[in-house]
Amino acid sequence: MPDNLNLLPPELAVSKSLAGVLKTLRALSVIMVVLFLLFSAGLGGFFVINNISLNSLNQNVSQLENQISAQETSEQQIVVLKDRVTKIEQAKSSPSALKTITDVNSVLANLSAGTSVSQFNANPTKADLSMSFTTNADLESFIQSFSGSSLPFGSAVLTSFGYSPSSGYQVGVSLTEK
Amino acid sequence: MPLAIVVILFILVANFGLPKIADVRNQVSTAQNLKTSLTQKLGVLQSFSQNPAVNNVSAASIALPSSDPSPIIVSQLRNATSCCAVTLADVKAGSSALGSSTLSTVGTTFQVVGTRSGVIDYLHYIQTIAPISIVNSVRISESAGVDTANVIMVSFWAPFPKVIPSISQPITNLTNSEIAVLNQVASLVQPTVVQGFASEPGVNLTPFGQ
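Residues numbered from 1 in each chain as written. Chains lettered and ligands numbered in written order. Predicted model: local features only at pLDDT ≥ 70, side-chain atom pairs only at ≥ 80, totals over all residues.

Visitor: Would you mind going over the overall build of chain B with me for this structure?
Guide: Summing up its helical and strand segments, chain B has 5 helices and 4 strands in all. A buried classification covers 30% of the 210 residues belonging to chain B. Within chain B, counting contacts between residues at least 6 apart in sequence, those at least 24 apart form 72% of the total. (Helix = DSSP H or I, 4+ residues; strand = E, 2+ residues; numbered from the N terminus. Buried ≥ 20, exposed ≤ 12 C-beta atoms within 10 Å, placed from the backbone. Contact = placed C-beta atoms within 7 Å.)

Visitor: Looking at this structure, how should I read helix α4 (residues 136-144) of chain A?
Guide: Because the α-helix completes a turn every 3.6 residues, residues three or four places apart line up on one side. Residue and element names in this part refer to chain A. Buried residues of α4: Asp138, Leu139 and Phe142, and no others. Angular distribution of buried residues about the axis of α4 spans 95°; they occupy a single face of the element. Set apart from the buried face of α4 by more than 90 degrees, the exposed residues are Asn136, Ala137, Glu140 and Gln144. Contact partners of the buried residues in α4: β1 (115-122), β2 (126-133) and β4 (168-177). (Arc of directions from axis to C-beta.)

Visitor: Is there a simple way to explain the domain arrangement of chain A in this structure?
Guide: The extent of an interface is frequently quoted as the accessible surface area lost upon association of the parts. The domain boundaries assigned to chain A delineate domain 1 (17-94) and domain 2 (97-177). For domain 1 of chain A and domain 2 of chain A, the distance between their C-alpha centroids amounts to 74 Å. (Domains from an automatic or database assignment.)

Visitor: What exactly am I supposed to notice about the nonpolar core here?
Guide: Core analysis: the biggest nonpolar cluster contains 64 residues, and Ile88(A), Ala60(B), Leu64(B), Leu123(B) and Val138(B) have the highest contact counts within it. The contacts of Ile88(A), once residues within four sequence positions are left out, are Ala60(B), Ala63(B), Leu64(B), Ile132(B), Val181(B) and Val185(B). (Core = buried A, V, L, I, M, F, W, Y, C linked by C-beta atoms within 7 Å.)

Visitor: Explanation requested: helix α1 (residues 2-50) of chain B in the structure shown.
Guide: All names here are of chain B. Compared with the 72 Å implied by 1.5 Å per residue over 49 residues, the 70 Å span of α1 between its first and last C-alpha is a close match. Of all the bends in α1, the greatest, near 25°, is centred on alanine 14. If you check which residues of α1 are buried, you get Val6, Leu38, Lys41, Val44, Leu45 and Phe48. (Expected span 1.5 Å × (residues − 1). Bend = angle between axes of the 7 residues up to and from the residue.)

Visitor: Help me understand the interface of chain A and chain B, please; the structure alone is not making it clear to me.
Guide: Contacts between the two partners involve 57 residues from chain A and, on the opposite side, 66 residues from chain B. Contributing elements (two or more residues each) for the side of chain A that touches chain B: α1 (16-70), α2 (72-92), α3 (97-108) and β1 of chain A. No other element matches α1(A), which puts 23 residues into the side of chain A that touches chain B. A per-class count over the side of chain A that touches chain B returns 27 nonpolar, 22 polar and 8 charged. (Nonpolar A, V, L, I, M, F, W, Y, C, P; charged D, E, K, R; others polar.)

Visitor: How should I be thinking about unusual backbone geometry in this particular structure?
Guide: Among all residues save glycine, negative phi is the norm, and among peptide bonds the norm is trans. Residues and elements named next belong to chain B. Here the residue pair alanine 130 and proline 131 is connected by a cis peptide bond, since its omega of 0° sits within 30 degrees of zero. Positionally, proline 131 belongs in the loop between α4 (116-125) and β3 (133-143). Phi at alanine 85 takes a positive value of approximately 55°, unusual for a residue other than glycine. In this fold, alanine 85 is placed in the loop between α3 (70-80) and β1 (87-97). Positive phi values are uncommon outside glycine, yet aspartate 90 reaches one of about 55°. With respect to the helices and strands, the residue aspartate 90 is situated in strand β1.

Visitor: Sorry, what's going on with the environment of Asp147(B) here?
Guide: All names here are of chain B. With respect to the helices and strands, the residue aspartate 147 is situated in strand β4 (residues 146-157). Measuring from C-alpha to C-alpha, the distance between aspartate 147 and aspartate 121 comes to 13 Å, with 26 residues separating the pair along the chain. Look past the residues within four positions of aspartate 147 in its chain and what remains in contact with it is Gly114, Thr115, Arg116, Val119, Ile140 and Glu142.

Visitor: Just to check I follow, could you spell out the domain arrangement of chain B for this structure?
Guide: All names here are of chain B. The domain boundaries assigned to chain B delineate domain 1 (1-50) and domain 2 (56-204). In this structure, domain 1 and domain 2 have C-alpha centres spaced 55 Å apart. In the side of domain 1 that touches domain 2, the residues fall into 4 nonpolar, 3 polar and 1 charged.

Visitor: Honestly, the environment of Thr39(B) in this entry has me stumped. Any pointers?
Guide: Following the sequence through the fold, Thr39(B) ends up in helix α1. Distance in space between the C-alpha atoms of Thr39(B) and Pro131(B) is 37 Å, their sequence separation being 92 residues.

Visitor: I tried to follow the pairing of β3(B) on my own but got confused; where do I start?
Guide: As a general feature of sheets, a regular strand has side chains that alternate between the two faces. In this structure, β1(A) lies alongside β3(B), joined through 4 bridges in antiparallel fashion. Residue pairing across strands places Phe120(A) opposite Ile140(B), the latter belonging to β3(B). Where β3(B) and β4(B) come together, 10 bridges link them in antiparallel fashion. Each residue of the ladder has a partner; that of Arg139(B), found in β4(B), is Asn150(B). Where β3(B) folds back onto β4(B) in an antiparallel hairpin, the turn is made up of 2 residues, including Ala144(B), whose phi is positive at roughly 55°. (Pairing = 2+ DSSP bridges.)

Visitor: Just checking my understanding: could you explain the packing of α3(A) against α4(B) for this structure?
Guide: For any two helices packed against each other, one specifies the inter-axial angle together with the distance between the axes. Axis separation between α3(A) and α4(B) bottoms out at 11 Å; the angle between their running directions is 145°. Judged by the sense of rotation from one axis to the other, the crossing of α3(A) with α4(B) is left-handed. Taking contact as the criterion, the partners of Leu98(A), Ile101(A) and Asn105(A) in α3(A) are, on α4(B), Ile120(B), Leu123(B) and His124(B). Class assignment of the residues belonging to the contact of α3(A) with α4(B) gives a composition of 4 nonpolar, 2 polar and no charged. (Axes fitted to C-alpha atoms, helices over the stretch in contact; angles between N-to-C directions. Left-handed = near helix turned anticlockwise from the far one by under 90°.)

Have a look at this one:
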């Protein structure tokens, strides 16, 4: 059985309670050192892994940039096409007098033979017509053509009205688009 | 004492290491996003080269040229008379007006003489020519069964974009509605004199200094 030798003078002897505390602290220090080493290694490892990942991503990005540069013509064509399409739509949405002409023509198409249009001004919002009617019936037929609810005009205003026995009725009409 | 040293080391390593890790994580995240964006962009560019719309670049550039299209418009108006048995007279191209949103216009006035139906057919027809033009106003006078229409037509042009987006900027493919517009544009009556004008954009498909 081993003997427990202690050659220190008795006055330097550590009390039992202090010895317990010191023992606990020593154990705690060892645990903390181990934890510190694990923490440092983990941190370093995580840093290295992320750096490798970053380098790999940067390489991929560089390759992709090269591939995109090789497709520059396609990119330019897309940019031009999108620019043209936007502006073409803008241009096509500009008001045109053609709708007014078409609308007026649909009214004029049903007129009797005794009716003639001597002048016709059209812009995107309205049309002004100078018309001649040989007989009262022709004029009545024209006026009745505005009674339908499906007419494309918001208003029809009689701007002038004249009559001569030789040429019949001379009428000026202003038609405003809806 | 050793415990205190370990605690201090913990604090030092954490203070130095954690910001470094956060920085690298940020860089990885940014690079990941860039990679995703570039992959998507490359996909769009590769699929675009297979897209039939690529054939409409020239038609779109003729429909909306990058410079004043007056000479082409005059030629188109003359060619269009054969459609409707009308005669064209007094054609005058006005000066260009720069629009507010980079869309510029140029007015052309002319006189069309023919039957009423011929004149109206002609007015419809010229809306189908390239470059895109609209009839702004018409004054038709009739005399002895012959109609004379004084027409003001507006044609459009716009400079090409001057800059190409940066390589990392995402790009979207043409939408169905954009393809539909391009198909409409491709069906416009094309001018026969494009090659005669050196500055005509129809031949410059890559206007970014290539």
